[in-house]
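# Structural characterization, general
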4 protein chains.
Amino acid sequence: MINDITLRSDMTVDLLAHNGNDMDIANAARVSVGDGRGGNPYEISGLINYLMKHRHGSPFEHGYLKFHVECPIFVAREFMRHRAGWSYNEVSGRYSVLEPVFWVPTTTRGIVNEGTSARPRLEPDAFIANQTIAQMQSFYEEAWEAYRLILNGDVVNEVARAVLPVGIYTSFIASCNPRSLMHFLSLRINHPDNQYDTYPQAEIQEVAEKMEKHFKAHWPLTWEAFNAHGRVSP
Amino acid sequence: MINDITLRSDMTVDLLAHNGNDMDIANAARVSVGDGRGGNPYEISGLINYLMKHRHGSPFEHGYLKFHVECPIFVAREFMRHRAGWSYNEVSGRYSVLEPVFWVPTTTRGIVNEGTSARPRLEPDAFIANQTIAQMQSFYEEAWEAYRLILNGDVVNEVARAVLPVGIYTSFIASCNPRSLMHFLSLRINHPDNQYDTYPQAEIQEVAEKMEKHFKAHWPLTWEAFNAHGRVSP
Amino acid sequence: MINDITLRSDMTVDLLAHNGNDMDIANAARVSVGDGRGGNPYEISGLINYLMKHRHGSPFEHGYLKFHVECPIFVAREFMRHRAGWSYNEVSGRYSVLEPVFWVPTTTRGIVNEGTSARPRLEPDAFIANQTIAQMQSFYEEAWEAYRLILNGDVVNEVARAVLPVGIYTSFIASCNPRSLMHFLSLRINHPDNQYDTYPQAEIQEVAEKMEKHFKAHWPLTWEAFNAHGRVSP
Amino acid sequence: MINDITLRSDMTVDLLAHNGNDMDIANAARVSVGDGRGGNPYEISGLINYLMKHRHGSPFEHGYLKFHVECPIFVAREFMRHRAGWSYNEVSGRYSVLEPVFWVPTTTRGIVNEGTSARPRLEPDAFIANQTIAQMQSFYEEAWEAYRLILNGDVVNEVARAVLPVGIYTSFIASCNPRSLMHFLSLRINHPDNQYDTYPQAEIQEVAEKMEKHFKAHWPLTWEAFNAHGRVSP
């Protein structure tokens, strides 16, 4: 059935693998003073706060996180602008036929601008949201039909995919280290502790927040220091 | 008029700025031997060939090229996977309303697969191409109508853009150096002199070939050495 | 003559080439809004300050600076830890015989620690400085004699160089962009406007300050915004 | 005792941590085709060889290795020129007093050049080696005495270290991924299977070879494919 499409609003973030912890970051820093390892959490926390405060960034690169992400193409495009310390592999529209899963806003998402163009303030509006969701669903069904029609005409994937909207879901693997992750979090989450304001789109903020939970779980002292010093990546 | 869209098949590459030449690359290399500068083209060519042959890559990073590119989103997505030595700024679907310019294949582009899925061999088919172009045009008109309709419903750009297809044209500025450019060319052009086979999509190859012309014009000896040694970036 | 060595305390920084200016950075940013170019200095300054304040870093990557640096090896080692957005070519101790130029402190440099090891406060001491200079000179003469002696024994450069002290001068070419330069400046200059404290060694700060003069001359509005927003690279 | 120094010729490489294996690389690649995971070693090997042959490099970035390295400063300097995909933390001559461990050549190392300057061919010479070792030992003792003397004069570490020779041992932590490691191996090991010739200094080749053993142990199929395709990092 041609209009058999799935609508989603949420983002998926799974932690596939990780290596390292707060102690490893402290140990990497202590290499510089030829120091012994170990130490209690209080000492480790003190050292990590010192590194964060003075932007000694390199010790935070010794560690590894690998995520699986599902999100619309418009989110993946913003994500992959992060180059330093990030590695990606994404599902390809050349080598595979994509799945008919498409993004729509929730009814609680900011959807109308009650501010100015220079200083936007997005507010939800359930009526407009429902209307938009209906318009999108109708359109996505047409998009999926066009894609299938062109594919059925014996056309190769790489040409047919041109009609797919950026609201279609994609998935990718992303590897990073604690430093490159903190840089991503600093720019993609509008957080009250931010030293520098940032206004990310809500959907990439959701991805970032889900990543931050994993980061907090495995590097709790680093996460605390990140927050205590303005959420600017060291 | 809602269906007032423009169809394109070609890619635009303009060289906005550049700095450096073959002599600068030779001079960067000669720093390592504390050598004087200058030299005739024959000596410079010999040195550059030596560097290329032995993959002494760093001298090729001293130089600068800044391009303006217009291409469909599906091409820009492939392009921006190139991280090292590349800088980008692209038109934003959050901060602006995009232009209704969309990509369609030409009738001479490989559009059907006469090979296998493991070893594709794309061949043109004018009948299928014309049929596809018509289907795309009809669909793009609907996409543009849906986009305008949602925007007119007072919805913010960042939500409305979800319906835009990846065949819509985008534009961006890309800065690089000769080494990062050669790496891009080595992967995005299927060239008979390639030491390692590559099968890029035709549209990104067109972008790459247009960049290569500018590179050849300003770094002719480096370009020759790149070709003479298998088109593997040093 | 074995003790024919030269003593230096200063660092050399020459700007070999550059490309771009404040307007180019503004134009790179305006690509995102599909905006026209141009604008008066007041508008450009306002835009650049907005970018700096909100850490929109990518527009600051479109530009190019190429420096020639002369400094002791211990400074070059710190410098080349800066990886992202920097390219280097340095004189090689394998392919050439180094020059007998060695670093000594000036008599006004902080040379004794009047603080603690955790909170050092370096103060000059002319007597100790002169004594150190004399000791260093004597030692450097021996180092140079040992180097020459081993080379004269028919030993290859790459082995003989092991005896050269890290106080010997080296020279290198360094290419960067405005963003990577600002990151370097933020960490290598102890400046009253710094949002985050940093305590670089005096010699690399001298290199950084000389680079900053060139940066200020060619990107004056960007330089002002960098200072106005805590000297944290965007 | 002033001449209480230690002489070494060997390099230390310890694998402190690692994450990932051949299957993970295959899985990262299969993301692009939306494929399931798993597969037997034969299938995984076939896929990895395909990726290597066509220089699909990104799947090889999903993995992590963290090394501890002990080597002379002249080796560390060459090592840290590798920027992309590498992270470092090294013992600091500012924050600590270095240990009196110094490098000398073995008697079997190539030490005289029997070729030309353009085409060097290094050959061992036990007599010259022993003479060089004696000269170096004598000089290193003087260097260590000078360093201690200046430190004892109440001079701060960062000034006193200027007299330390580049033959002194340093230590650092280096994190990388399989792709950045293969790039390092391709340039720092003179190997008969190399597609592109390289002539690294013997000491950094020893570091590289020790790293390669760890790589081979944990990514055996990737290592085989790397060798089968000219040892050019994908």
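Up top is the structure these notes are about.
Residues numbered from 1 in each chain as written. Chains lettered and ligands numbered in written order. Predicted model: local features only at pLDDT ≥ 70, side-chain atom pairs only at ≥ 80, totals over all residues. Heavy atoms only, no water.

## Here we look at the environment of Asp193 of chain D
All names here are of chain D. Topologically, Asp193 is positioned in the loop between helix H6 (178-188) and helix H7 (202-218). Overall, the relative accessible area of 38% leaves Asp193 in the partly exposed class. For the pair Asp193 and Phe139, spaced 54 residues apart in sequence, the C-alpha separation works out to 40 Å. In this view, Asp193 contacts Asn227, Gly230 and Arg231; residues no more than four positions away in its chain are not counted. (Helix = DSSP H or I, 4+ residues; strand = E, 2+ residues; numbered from the N terminus. Buried < 20%, exposed > 50% of the residue type's maximum accessible area, 1.4 Å probe, protein only. Contact = heavy atoms within 4.5 Å.)

## A closer look at the interface of chain A and chain D
Taken together, the contacts link 34 residues of chain A with 34 residues of chain D. Counting the surface lost from both chain A and chain D, the interface buries some 2400 Å², and carbon and sulfur atoms represent 51% of this. The three residues of chain A that bury the most area against chain D are Val31, His62 and Asn89 of chain A, which together make up 24% of that side's buried surface. Taken together, chain A and chain D are joined by two salt bridges. With its nearest N and O atoms 3.8 Å apart, the salt bridge here joins Asp24 of chain D to Lys66 of chain A. Across the chain A-chain D interface, the total number found is 14 residue pairs in polar contact (both at pLDDT 80 or more). Elements that contribute at least two residues to the side of chain A that touches chain D include exactly strand E2 (12-19), helix H1 (22-30), strand E3 (64-72), strand E4 (87-90) and strand E8 (169-176) of chain A. Of the residues forming the side of chain A that touches chain D, the biggest block, five residues, is contributed by E8 of chain A. (Buried area = accessible area lost by both parts, 1.4 Å probe. Salt bridge = Lys/Arg side-chain N within 4 Å of Asp/Glu carboxyl O. Polar contact = N/O pair within 3.5 Å; in protein donor to acceptor, adjacent residues only side chain to side chain.)

## Examining the pattern of salt bridges
If you walk through the whole model with that rule in mind, you get 52 salt bridges over all chains. Among the ionic pairs, Lys210 of chain A bridges to Glu206 of chain A, the shortest N-O distance being 3.1 Å. Here Lys210 of chain A pairs with Glu206 of chain A, and both are found in helix H7 (residues 202-218), just four residues apart, close to one helical turn. Arg179 of chain C is paired through a salt bridge with Glu61 of chain C; the nearest N and O atoms lie 2.4 Å apart. One end of the pair, Arg179 of chain C, is in helix H6 (residues 178-188); the other, Glu61 of chain C, is in the loop between helix H2 (41-53) and strand E3 (64-72), with 118 residues separating them in the sequence. Here Arg179 of chain C and Glu61 of chain C have matching classes, each one buried.

## Some thoughts on the packing of aromatic side chains
All names here are of chain B. Evaluation of the coordinates by the stated rule reveals 56 aromatic pairs over all chains. When the ring of Phe74 is compared with that of Trp103, the centres are 5.1 Å apart and the planes differ by 80°; the resulting orientation is edge-to-face. Residue Phe74 is found in helix H3 (residues 73-79), and its partner Trp103 is found in strand E5 (residues 101-103); the two are separated by 29 residues along the sequence. Given the relative accessible area of 0%, Trp103 is considered buried. Residues Phe79 and Tyr88 carry aromatic rings whose centres are separated by 5.9 Å and whose planes lie at 90° to one another, so their mutual orientation is edge-to-face. (Phe/Tyr/Trp six-rings, centres within 6.5 Å; stacked < 30°, edge-to-face > 60°.)

## A few points about the relation of the copies chain B and chain A
The transformation that overlays chain B on chain A combines an axial shift of 0.0 Å with a rotation of 180°, and the residual RMSD is 0.0 Å. Accordingly, the operation relating the two chain copies is best matched by a two-fold axis. Relative to the rotation axis, the C-alpha of Pro165 of chain B is the closest in chain B, positioned 1.8 Å from it. A symmetric contact is evident, with 100% of the interface residues of chain B recurring at the interface of chain A. (Least-squares fit on C-alpha atoms with pLDDT ≥ 70 in both.)

## What about the interface of chain B and chain A?
The interface is formed by 50 residues belonging to chain B together with 50 residues belonging to chain A. The contact between chain B and chain A buries some 4100 Å² in all, and 57% of this surface belongs to carbon and sulfur atoms. Across the contact surface, chain B and chain A share six salt bridges. Between Glu78 of chain A and Arg161 of chain B there is a salt bridge, with the nearest N and O atoms lying 3.4 Å from each other. Here the side of chain B that touches chain A takes twelve residues from helix H4 (residues 126-152) of chain B, the largest share from any one element. Broken down by class, the residue content of the side of chain B that touches chain A amounts to 30 nonpolar, nine polar and eleven charged. (Nonpolar A, V, L, I, M, F, W, Y, C, P; charged D, E, K, R; others polar.)

## Digging into the packing of helix H6 (residues 178-188) of chain A against H7 of chain A
Residue and element names in this part refer to chain A. Contact geometry of H6 with H7 gives a least axis separation of 10 Å together with a crossing angle of 140°. Viewed along their axes, H6 and H7 adopt a mutual orientation that is oblique. The interaxial crossing formed by H6 with H7 has left-handed handedness. Where H6 approaches H7, its residues Pro178, Leu181, Met182, Phe184, Leu185 and Arg188 are matched on the opposing element by Ile204, Gln205, Ala208, Met211, Glu212 and Phe215. Looking at the contact of H6 with H7, its residues break down into nine nonpolar, one polar and two charged. (Axes fitted to C-alpha atoms, helices over the stretch in contact; angles between N-to-C directions. Parallel < 35°, antiparallel > 145°, perpendicular 65-115°, else oblique. Left-handed = near helix turned anticlockwise from the far one by under 90°.)

Treat this as a map of the structure, not an account of what it does.
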